[in-house]
Amino acid sequence: MLDITVAVVPVAGLGTRLLPATKSQPKEMLPVGRRPVVQYVVEELADAGIERVLFVTGRGKTSIENHFDRDFELIQSLREGGKEDLLAELEFESARVQYFYTRQRETLGLGHAVLCARPFVGQAPFVVALGDSILGLDRRSAVVRRMVECFVEKKAAAVVAFERVPQADVRHYGIAKPRGGGDVFEVADVIEKPSPEDAPSDLAIAARYVFAPSIFDALERTTAGKGGEIQLTDAMRIVIREGGRVYGMCLADHERRYDIGNFDTYFRAFVEFALADAKHGPALREALRRLLDDPRP
């Protein structure tokens, strides 16, 4: 069994659709329930056996680095203040994960962000997990582990997570043209943000990838696409055209993607996670019922 222990987490996006909330903090640090978005992502990766995480950051993202540092002053303050019960909330700091950081100096798209990881990754296969997307309520997703197993079993060039989306929404995603059916399928092609009329399926890329290092060569040869950015999907198309086998893996029903990309999806994610909170969820549910039953505008 090939051990894949490195993950790249791109977090350099500007988060403009979440302004002004993201003016002075990264969207990946917005809270969803009790944790910031990116903590869910990292804990999911740690559960999948990832030991080293490289964040591809940008300007104004230092709070992510601070969040994953050990805060000895805070720990001491909690102990001296008799708040030892809160120390459990900082257990993520002790995870057996090493954190590394590099900057994407130009906002040239997701493909360019992944390419920034090449000196760190080298010639090893690796995971890519988008830092603004949670899979499953409270990290209940094992899709990365299943993707790694598929990657090894099929000697793949890439394995990509997919979810089904309404046909009207395909214009927002990379969409697969599957070869065959089932929850695991070979990808014949992938189209970046097609119109509903041109979309080959309703299978949208769902923020998790496993790549062989050959993706870097493809990215080097990828020209700017939609929006003037280097698209990761365009590099995947090069890999497929040159004979690399790319597989798709559908998310299980409980692994729904929570994409913290705009206020609509952010608000819904926060409410759903808050309602699922064992301590505060029941009271919140009752409060929401009263608000919804109130006839006043």
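The rules behind the values
Residues numbered from 1 in each chain as written. Predicted model: local features only at pLDDT ≥ 70, side-chain atom pairs only at ≥ 80, totals over all residues. Heavy atoms only, no water. Axes fitted to C-alpha atoms, helices over the stretch in contact; angles between N-to-C directions. Helix = DSSP H or I, 4+ residues; strand = E, 2+ residues; numbered from the N terminus. Parallel < 35°, antiparallel > 145°, perpendicular 65-115°, else oblique. Contact = heavy atoms within 4.5 Å. Nonpolar A, V, L, I, M, F, W, Y, C, P; charged D, E, K, R; others polar. Buried < 20%, exposed > 50% of the residue type's maximum accessible area, 1.4 Å probe, protein only. Salt bridge = Lys/Arg side-chain N within 4 Å of Asp/Glu carboxyl O.

Undergrad: So what exactly am I meant to see when it comes to the packing of helix H9 (residues 263-275) against helix H10 (residues 281-293) here?
TA: The relative placement of two packed helices is expressed as an angle between their axes plus a distance between the axes. Following both chains from N to C, one finds H9 and H10 inclined at 125°, their axes separated by 7 Å at the closest point. Put simply, H9 runs oblique to H10. Packed against H9, whose contacting residues are Val271, Ala274 and Leu275, the element H10 presents Gly281, Leu284, Arg285 and Leu288 at the interface. The residue makeup of the contact of H9 with H10, split by class, is five nonpolar, one polar and one charged.

Undergrad: What is the right way to read the environment of glycine 122 from this model?
TA: Along the chain, the position of glycine 122 falls in the loop between helix H5 (118-121) and strand S6 (126-129). The exposure class assigned to glycine 122 is partly exposed, which follows from its relative accessible area of 24%. Distance from glycine 122 to phenylalanine 216, taken between C-alpha atoms, is 9.5 Å for residues 94 residues apart in sequence. Dropping the residues within four chain positions of it, glycine 122 is found in contact with Pro213 and Phe216.

Undergrad: Just to check I follow, could you spell out the environment of glutamate 286 for this structure?
TA: You can see glutamate 286 is positioned in helix H10. Residue glutamate 286 is classed as partly exposed on the basis of its relative accessible area of 38%.

Undergrad: Help me understand helix H1 (residues 37-47) in this model?
TA: Think of an α-helix as turning once every 3.6 residues; residues three or four places apart then point the same way. Judged by how many residues are buried, H1 sits mostly within the fold: nine of 11 residues are covered. In the stretch just after H1, glycine 49 is the one whose phi turns positive, near 95°.

Undergrad: Would you take a moment to explain the pattern of salt bridges for this structure?
TA: Opposite charge on two side chains lets them pair, provided their charged atoms get close. Counted according to the given criterion, the structure contains 17 salt bridges. For the salt bridge of aspartate 202 with arginine 164, the shortest nitrogen-to-oxygen distance reads 2.6 Å. Here aspartate 202 is found in the loop between strand S10 (184-192) and strand S11 (203-211), whereas its partner arginine 164 is found in strand S8 (residues 158-164), with 38 residues between them in sequence. By relative accessible area, aspartate 202 is classed as partly exposed at 22%. Its relative accessible area of 57% is what places arginine 164 among the exposed residues. The shortest N-O distance in the salt bridge between arginine 237 and aspartate 189 comes to 2.8 Å. Of the two residues, arginine 237 sits in helix H8 (residues 232-241) while aspartate 189 sits in strand S10, which places them 48 residues apart along the sequence. Here arginine 237 falls in the partly exposed class, since its relative accessible area comes to 27%. Members of the salt-bridge network, linked through shared partners, are Arg118, Asp217 and Glu220.

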